[in-house]
Amino acid sequence: GAGVSQTPSNKVTEKGKYVELRCDPISGHTALYWYRQSLGQGPEFLIYFQGTGAADDSGLPNDRFFAVRPEGSVSTLKIQRTERGDSAVYLCASSSGGPVTSTDTQYFGPGTRLTVL
Amino acid sequence: SQKIEQNSEALNIQEGKTATLTCNYTNYSPAYLQWYRQDPGRGPVFLLLIRENEKEKRKERLKVTFDTTLKQSLFHITASQPADSATYLCALGFSGGYQKVTFGTGTKLQVIP
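Residues numbered from 1 in each chain as written. Chains lettered and ligands numbered in written order. Predicted model: local features only at pLDDT ≥ 70, side-chain atom pairs only at ≥ 80, totals over all residues. Heavy atoms only, no water.

**Student:** I'd like to hear about the overall build of chain B, residue by residue, with values.
**Tutor:** In terms of regular secondary structure, chain B is built from 0 helices and 11 strands. When its helices and strands are written in sequence order, chain B yields β-β-β-β-β-β-β-β-β-β-β. Principal-axis analysis of the C-alpha atoms gives chain B an extent of 45 × 30 × 25 Å. Counting across all 113 residues of chain B, residues that qualify as buried make up 46%. For chain B, the share of sequence-separated contacts (at least 6 apart) that also reach a separation of at least 24 residues comes to 55%. (Helix = DSSP H or I, 4+ residues; strand = E, 2+ residues; numbered from the N terminus. Buried < 20%, exposed > 50% of the residue type's maximum accessible area, 1.4 Å probe, protein only. Contact = heavy atoms within 4.5 Å.)

**Student:** Quick one: what's the story with the sheet that holds strand β7 (residues 62-67) of chain B, residue by residue and with numbers?
**Tutor:** Residues and elements named next belong to chain B. Strand order in the open sheet made by the 5 strands is β1-β3-β8-β7-β6, with antiparallel pairing throughout. Looking at strand neighbours, the two that pair on one side only are β1 (3-6) and β6 (56-59), the edges of this open sheet. Direction aside, neighbouring strands of the sheet carry axes that sit 15° apart on average. (Pairing = 2+ DSSP bridges. Axes fitted to C-alpha atoms, helices over the stretch in contact; angles between N-to-C directions.)

**Student:** Describe the interface of chain B and chain A, listing the residues and the values that go with them.
**Tutor:** Contacts between the two partners involve 21 residues from chain B, matched on the other side by 25 residues from chain A. With both sides pooled, the region where chain B packs onto chain A buries about 1800 Å², and carbon together with sulfur makes up 51% of that total. For the chain B face of the interface with chain A, the top three residues by lost area are Tyr98(B), Gln99(B) and Lys100(B), together amounting to 35%. The tally of links from chain B across to chain A stands at 2 residue pairs in polar contact (both at pLDDT 80 or more). When contributions to the side of chain B that touches chain A are tallied by element, the ones reaching two or more residues are β4 (32-38), β5 (45-51) and β10 (101-103) of chain B. Counting residues per element, the side of chain B that touches chain A draws most heavily on β4(B), which supplies 4 residues. Of the residues in the side of chain B that touches chain A, the class split is 9 nonpolar, 8 polar and 4 charged. (Buried area = accessible area lost by both parts, 1.4 Å probe. Polar contact = N/O pair within 3.5 Å; in protein donor to acceptor, adjacent residues only side chain to side chain. Nonpolar A, V, L, I, M, F, W, Y, C, P; charged D, E, K, R; others polar.)

**Student:** Kindly report on the nonpolar core, identifying the contributing residues and their values.
**Tutor:** Ranked by internal contacts, the top residues of the largest apolar core, which has 23 residues, are Ile4(B), Leu33(B), Trp35(B), Phe75(B), Ile77(B), Tyr88(B) and Leu109(B). Excluding residues that lie within four positions of it along the chain, Tyr88(B) makes contacts with Gln6(B), Leu21(B), Trp35(B), Tyr36(B), Arg37(B), Leu47(B), Phe75(B), Ile77(B), Gly106(B), Thr107(B) and Leu109(B). Grouped together as the second largest cluster of nonpolar side chains are 20 residues, Val19(A), Leu32(A), Cys92(A) and Leu114(A) included. (Core = buried A, V, L, I, M, F, W, Y, C linked by side-chain atoms within 4.5 Å.)

**Student:** Give a detailed account of the pairing of strand β7 (residues 65-68) of chain A, specifying residues and quantitative values.
**Tutor:** Residues and elements named next belong to chain A. Across the two faces of β7 the burial differs, with Phe65 and Ala67 buried and Phe66 and Val68 not buried at all. In this sheet, strand β8 (residues 75-79) lies alongside β7 in antiparallel orientation, the contact comprising 4 bridges. Across the sheet, Phe65 pairs through a bridge with Ile79, a residue of β8. Hairpin connection of β7 to β8: 6 residues between the antiparallel strands, including Gly72 at a positive phi of 75°.

**Student:** For the state of the cysteines, give the residues involved together with the corresponding values.
**Tutor:** All names here are of chain B. Counted under the stated rule, the structure contains 2 disulfides over all chains. Residue Cys23 pairs covalently with Cys90 via a disulfide, S to S 2.0 Å. Its S-S torsion of approximately 60° makes the covalent link between Cys23 and Cys90 right-handed. With a gap of 67 residues between them, Cys23 in strand β3 (residues 19-26) and Cys90 in strand β9 (residues 86-93) connect regions that are remote in the sequence. The residues Cys23 and Cys90 share a single accessibility class, namely buried. (Disulfide = S-S within 2.5 Å.)

**Student:** Quick one: what's the story with the side chain of Ser85(B), residue by residue and with numbers?
**Tutor:** Residues and elements named next belong to chain B. With respect to the helices and strands, the residue Ser85 is situated in the loop between β8 (72-77) and β9. Side-chain polar atoms of Ser85 contact the backbone nitrogen of Val111, separated by 2.9 Å. Once you skip the residues sitting within four places of it in the chain, Ser85 turns out to touch Arg37, Asp39, Leu109, Gln110 and Val111.

**Student:** Could you give an account of the sheet that holds β8(A), naming the residues involved and the relevant values?
**Tutor:** Residue and element names in this part refer to chain A. Here we have 4 strands laid out as an open sheet, ordered β1-β3-β8-β7, and antiparallel in their pairing. This sheet does not close on itself; its edge strands, each paired only once, are β1 (5-7) and β7. When strand polarity is set aside, the average angle formed by the axes of neighbouring strands in this sheet is 15°.

**Student:** Go over the packing of aromatic side chains, please, and point to the residues and values.
**Tutor:** The full count for this structure, using the stated rule, is 12 aromatic pairs over all chains. With a centroid separation of 5.4 Å and an interplanar angle of 35°, the aromatic rings of Phe75(B) and Tyr88(B) are classed as tilted. With Phe75(B) in strand β8 and Tyr88(B) in strand β9, the pair connects residues that are 13 residues apart, well separated along the chain. Here the two residues Phe75(B) and Tyr88(B) agree in accessibility, since each one is buried. Each residue in the set Tyr35(A), Phe45(A), Phe108(A), Tyr36(B), Phe46(B) and Phe103(B) is aromatic and connected to the rest through ring pairs, giving one cluster. (Phe/Tyr/Trp six-rings, centres within 6.5 Å; stacked < 30°, edge-to-face > 60°.)

Purely spatial values, then, with no claim about function.
Quick look at the structure:
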């Protein structure tokens with residue numbers, strides 16, 4: 001399809017394990033965003049990529065979280081030594097990379113639901 | 001501290017009526033404000049954008065107002081339908097050349113047939 005896709009849709013892991021979450025943005029979108037959404041809350045910004053570089057990683061909660069986008073397309077969010085508090089839906093969004101307009105905005109994927117037992 | 005507040009309680013309205021959702025913010029100076037719709041198990045979908053120098057925007061049955069003095073945005077859905085039932089999120093955007101936004105907690109709207 002033409003939208004943002006994320007895999008897996010669900011991930012269950014044990015405390016202390018390492019996980020990787022993948023995001024495939026809309027083709028041609030240079031900007032990519034990761035958000036985290038806890039139950040009953042709005043999405044919380046984690047990191048923004050423009051091309052291959054992380055232009056703003058101010059939302060990453062600690063050094064267990066890391067994200068890459070080596071070829072400027074697909075991105076992977078990596079979480080080391082997972083904790084129960086990491087359980088949430090992780091959303092990816094992409095945009096054309098230009099300034100925001102009424103018709104040029106972020107397009108979100110369906111999210112990956114991460115459960116840490 | 002900085003806060004974005006939306007109606008914490010779910011909003012139930014009768015089909016055909018106008019739904020009005022509120023977004024209030026504290027200690028932010030947004031350049032623009034967006035409204036998104038989110039259905040269960042899905043990512044947010046962009047609906048409308050309004051800039052700080054605009055008072056009102058419309059799109060079909062949707063209307064958004066933005067009052068930077070009151071630090072408030074109102075989101076209206078006229079002639080509401082059961083298919084409008086969803087969670088609605090407001091998001092503040094800032095100048096800086098890219099589209100990072102800060103979201104409110106969302107309001108769950110239920111339109112009753």
